[in-house]
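Descriptive analysis of the structure
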Amino acid sequence: MANRFEQGCDVVTLTRALVQQGAMAGQEAPVADVVRAAMQALGFDKIVTDDLGNVTGLVGPRDAPVKLLFDGHMDVVPASGLWSRDPFSGDVQGGQIHGRGTTDMKGPLAAAICGVAEAARTGDLSHRVAVSASVMEEVIEGAALSPVLDTHAPEAVVICEPSDLELKIAQRGCVEVLVHVAGIPAHAAFPERGVNAIELAARATLALAALEMPTDPVLGKMVLVPTDIISAPYPSISALPSKVSLRYDRRTGVGETAETVMQQIRAALAPIDPVAFTVEVSASDYQSYTGISFRFPRDLPAWHTPETHPLVRAVQSCLTDLGLSPQPGRYEFCTNGSEAAGRRGLPTIGFGPGRPSDAHIIDESISVAALEQAVAVYRALALRIGAVDIARVG
Ligand SMILES: [Zn+2]
C-alpha cells in the first residue's frame, strides 16, 4: 500500500482494498490491517489500535487537543442473496464501485481517511484531527466507539455513515425491550386449571399496540413494534406453556431513556395482570476480533445537535462552498452517534457519500463522484474546524 499514496490519497484504490477484505462484526482484523497500512502511507503521525480493535489515526500538531473525530465502521452485514457479481470484488464499472460495504461504509471510511490526510498534506492544521475505523457498528451501534472517545477525547464528532452527501444533525434512538409473560402450566384438556401465557401475551400485544407514542419535535412520532414471540417450553405438547417472551423494538426521541420506555410498558400491562409481566432491556454477548468478550444491552439513545451550533454552521459553510446543500436532516437508522452525542453529549453531525437506501442490499455500490465530493468536504471541514469555537453554544 505504501507506494500507492505518494501523490496523495486515491479514494477508489483504498475503498476497493477495504471492500476486498469483507469482515462481519468481530472479524475486522484484515480490514484493520489495510486501514493501518493506508494511514501510515498517508502520513498519519500516530495510529492507535485499542483493546476492542478500533484503529484511530491522528494528524496535526502533536501537543494540540483533538478538535474533530471522523468515524467510520469497518464491519459489514453478510452478503446474502443472489449477487450479479462477486460481492467482495470491489469492481469498478459505470462510475460505481461494486460490493458489500461500498456504501455502508468502506467508501465513506476511505473518504474520511483521504480527506483528513489531504488536509494535513496540503493545508496548515493548527489542531489535531482524528479518523477512527471502528468495529462492530452493525451489532453494537455506539458502544465500540467508547474506547476511541475515552482515549482521544475529541471536542466534536463527524459520523461518516452514508447520507447521500446531505447534512444530518439528528437520529432517533432505539431501546429493545423483552416482555416476559409468566403463565401457570396445566394439562391442555383442563386449561381452566392453569393460566395460559399465550392468551396473556395476546392481550399484552393489543394493549401495547394501542399505546400512544410520543412525538419528538425534530425526530417525529416514535414507534413500538413487536419483533419476536417465543413460548417455552417449545413445543408444548398437551400442556399450557409456562412462559412467553415478546421482543419489542421501540424507537425513541431525545430525552427518552430505557427506564422511561420500560415504565410506560409496565403501566400498560399492569391492568391486564399485576404479576404476570416482567420487562427488561434485551442484551446479547459479543466478542471482538481482539478476543474481548462483553455483554451489550440494546439501549441506543437518540440525539440532536441544534442547527445553531458552531459545528453545524461550520459544516454548512463547507457544503455551500463546495456546491452542496447545507439543509440539515436526520438519519433514519442508528449510528455511533448514539454514543458520541446521545450518551456523552458531544457536538456531532452526520455526513457521508452513498445513498442510505443502498446499504445492506444485494448489488450494493457507491458512486466514485460522490466519494470524491466527500473527500473534498472532509478535507475542508478538517481545516475549517480550527477556527471554530466548538464549546460556544450557538
Ligand atoms: Zn453503517
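Residues numbered from 1 in each chain as written. Predicted model: local features only at pLDDT ≥ 70, side-chain atom pairs only at ≥ 80, totals over all residues. Heavy atoms only, no water.

Overview of the domain arrangement of the protein
Once the domains are mapped, the protein shows domain 1 (2-171 + 302-387) and domain 2 (173-287). On a C-alpha basis, the centroid separation for the pair domain 1 and domain 2 is 37 Å. On the side of domain 2, 11 residues touch domain 1, which itself brings 11 residues to the contact. Joining domain 1 to domain 2, the criterion identifies 0 salt bridges. The interface formed by domain 1 and domain 2 holds 2 residue pairs in polar contact (both at pLDDT 80 or more) in total. Of all the secondary-structure elements, those providing two or more residues to the side of domain 1 that touches domain 2 are α4 (137-140), β8 (167-171) and β18 (303-304). (Domains from an automatic or database assignment. Contact = heavy atoms within 4.5 Å. Salt bridge = Lys/Arg side-chain N within 4 Å of Asp/Glu carboxyl O. Polar contact = N/O pair within 3.5 Å; in protein donor to acceptor, adjacent residues only side chain to side chain. Helix = DSSP H or I, 4+ residues; strand = E, 2+ residues; numbered from the N terminus.)

Here's the deal with the coordination of the zinc ion
The zinc ion binds to the protein through H73 (NE2), D104 (OD), E161 (OE) and E161 (OE), with metal-donor distances spanning 1.9 to 2.6 Å. What the 4 donor atoms of the zinc ion show is an angle range of 53 to 149° at the metal, which sorts the shape as irregular. For the zinc ion, the donor residues sit on a single chain with the sequence spacing H-x30-D-x56-E. Separated by 88 residues along the polypeptide, H73 in strand β3 (residues 66-73) and E161 in the loop between β7 (156-159) and β8 bring together distant segments of the chain. Given a relative accessible area of 1%, H73 falls into the buried group. (Donors = N, O, S within 2.8 Å, 3.2 Å for Na, K, Ca; no water. Tetrahedral: all angles 85-135°; square planar, octahedral: opposite > 155°, others 65-115°. Buried < 20%, exposed > 50% of the residue type's maximum accessible area, 1.4 Å probe, protein only.)

Observations concerning the state of the cysteines
Think of a disulfide as a covalent bridge from one cysteine sulfur atom to another cysteine sulfur atom. Evaluation of the coordinates by the stated rule reveals 1 disulfide. The residue that forms a disulfide with C9 is C114, at a sulfur-sulfur distance of 1.8 Å. Handedness of the C9-C114 disulfide follows from its S-S torsion of about -40°: it is left-handed. Of this pair, C9 sits in the segment before α1 (11-19) while C114 sits in helix α3 (residues 102-122), placing them 105 residues apart in sequence. Both residues of the pair, C9 and C114, count as buried. (Disulfide = S-S within 2.5 Å.)

Focus on α1
Of all the 9 residues making up α1, 8 are buried; the element is thus mostly covered by neighbouring parts of the structure. Among the residues making up α1, those that are buried are V11, V12, T13, L14, T15, A17, L18 and V19. Packed against the buried residues of α1 are α2 (29-41), β4 (92-93), β5 (96-98), α3 and α10 (368-384). Capping of α1 at its N-terminal end is provided by D10; its side-chain oxygen lies 3.1 Å from the backbone amide nitrogen of V12.

Focus on the pairing of strand β1 (residues 46-49)
Consecutive residues of a regular strand have side chains that alternate between opposite faces of the sheet. Note that β1 and strand β2 (residues 55-59) share 4 bridges and pair antiparallel. Among the inter-strand pairings, K46 is bridged to a residue of β2, identified as L58. The antiparallel pairing of β1 with β2 creates a hairpin that spans 5 residues between the two strands, and G53 there sits at a positive phi of about 100°. (Pairing = 2+ DSSP bridges.)

Examining the nonpolar core
Membership of the largest hydrophobic core comes to 75 residues, with the highest contact counts inside it found for V35 and F70. Sequence-distant contacts of V35, defined by excluding residues within four places in its chain, comprise L18, V55, M74, L109, I113 and A133. (Core = buried A, V, L, I, M, F, W, Y, C linked by side-chain atoms within 4.5 Å.)

What to know about the sheet that holds β4
Taking strand neighbours across the sheet as the criterion, the 3 strands line up as β4-β5-β21 in an open arrangement whose pairing is antiparallel. The open sheet has two free edges, formed respectively by β4 and β21 (365-367), since each of these has just one partner strand. The pairing of β5 with β21 spans 3 bridges and is classified as antiparallel. By the bridge assignment, I97 is partnered in β21 with I366. The strands that α1 touches are β4 and β5; relative to β5, the one it contacts most, it runs at about 15°. Helix-sheet contacts for α10 involve β5 and β21, and the interaxial angle to β21 is about 60°. (Axes fitted to C-alpha atoms, helices over the stretch in contact; angles between N-to-C directions.)

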